[in-house]
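Take a look at the letters that make up each chain.
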Amino acid sequence: MKGIILAAGKGTRLHPMTTIVSKQLLPVYDKPMIYYPLSTLMLLGITDVLIITTEKDNNMFKSLLGDGLEIGIDIKYKIQEDANGIAEAFIIAEEFINNEPITLILGDNLFYGHGYLDFLRNKINDIEGAIIFGYWVKNAQAYGVVEFDKDNRAISLEEKPVIPKSNYAVPGLYIYDNQVVALSKTLKPSKRGELEITDLNNLYLNKNSLHVEVLSRGVAWLDTGTQKSLIEAGKFIETIESRQGLKVGCIEEIAYQLELIKKSQLEQIIKKMPENDYKDYLKSLL
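A few points on the structure. In this text, all values refer to a predicted model and were calculated from it rather than measured experimentally.

**Side note on helix H1 (residues 35–43)**
Then, number 1: Burial analysis of H1 places eight of its nine residues in the buried class, which makes it a mostly covered element.
Then, number 2: The complete set of buried residues in H1 reads Tyr 35, Tyr 36, Pro 37, Leu 38, Ser 39, Thr 40, Leu 41 and Met 42.
Then, number 3: Just beyond H1, the residue with positive phi is Gly 45, at close to 90°.

**Overview of the pattern of salt bridges**
Then, number 1: The final tally for this structure, using the stated rule, is 19 salt bridges.
Then, number 2: As a salt-bridge pair, Lys 283 and Glu 275 come within 3.8 Å of each other at their nearest N and O atoms.
Then, number 3: On the basis of relative accessibility, which here comes to 38%, the residue Lys 283 falls in the partly exposed class.
Then, number 4: We classify Glu 275 as exposed; its relative accessible area is 59%.
Then, number 5: A single network of salt bridges, built from pairs that share partners, joins Asp 30, Lys 31, Glu 241 and Lys 247.

**Concerning unusual backbone geometry**
Then, number 1: The backbone of Asn 98 sits at a positive phi, close to 55°, despite the residue not being glycine.
Then, number 2: Inspection of the secondary structure assignment puts Asn 98 in the loop between helix H4 (94–97) and strand S6 (102–106).

**Observations regarding helix H8 (residues 227–244)**
Then, number 1: Its 18 residues give H8 an end-to-end C-alpha distance of 26 Å, which sits within 8% of 26 Å, the value for a rise of 1.5 Å per residue.
Then, number 2: Within H8, burial applies to Ser 229, Leu 230, Ala 233, Gly 234, Ile 237, Ile 240 and Glu 241. Buried residues of H8, seen end-on, are gathered within an arc of 140° and therefore sit on one face of the element. Relative to its buried face, H8 has exposed residues pointing more than 90 degrees away, namely Lys 228, Ile 231, Lys 235 and Arg 243.
Then, number 3: The inward-facing, buried residues of H8 contact strand S2 (27–28), strand S3 (31–32), H1, strand S7 (109–112) and strand S14 (220–223).
Then, number 4: Phi for Gly 245, located one or two positions after H8, is positive at around 75°.

Cut-off values and rules
Residues numbered from 1 in each chain as written. Predicted model: local features only at pLDDT ≥ 70, side-chain atom pairs only at ≥ 80, totals over all residues. Heavy atoms only, no water. Buried < 20%, exposed > 50% of the residue type's maximum accessible area, 1.4 Å probe, protein only. Helix = DSSP H or I, 4+ residues; strand = E, 2+ residues; numbered from the N terminus. Salt bridge = Lys/Arg side-chain N within 4 Å of Asp/Glu carboxyl O. Expected span 1.5 Å × (residues − 1). Arc of directions from axis to C-beta. Contact = heavy atoms within 4.5 Å.

Written out as structure tokens, the structure reads:
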């Protein structure tokens, strides 16, 4: 299984901050936003990652994360020329995917909670069809929405409906089998001029090969695409970290815990860091 982080787009909802920097490089409390989706992929056991960015921001992502070797993973980069929709990511990444199953996570989505990925870990390399998630929200009309029948089977998906058929939004974490590139190429642009991820999911739904996993109330999903939600996410992470003394989305810690890097490699990472709280935390792991 390979992974894609889609970190392109114009970040218009965060203007004027995103005039000069990608929103996925903005801080969520004590680390860049992109650390959180990258940590989710790593926790799934995915070490082969493609980051899709804009041409303007590409070098900044490379400066931050490099080739990933320092934390025991492989990171490559591709450019999305225009904001043509989430599903275009699979067409851009066709060579990288190479007919393998793929997980895509949006670069501004943050997940936190115990056990919500457990059901995936043992079968992530044997995916048949697609797996998406459902998360109860108050303002479902702002998201893609999934409707269930009385047996909790998904029966419809709509993108930003005026009158939602349920309160279950679809977060920005999607897992697909090796049909995804071919299916993405059949999509037509929506009225917004984009290849919609909801349309792709509907193709799987119509083939009876879409599984929707409902995230429990114990899982937090934060979309950090607006000023308000960005501040809320920072407060949430600060609260968790201050209470527990453990960091959320710390990619160096995850690499060390998963044995992607050795103690000596973590020591080298720490040695290169300036003196700050983040460095002190990594020291404490040793």
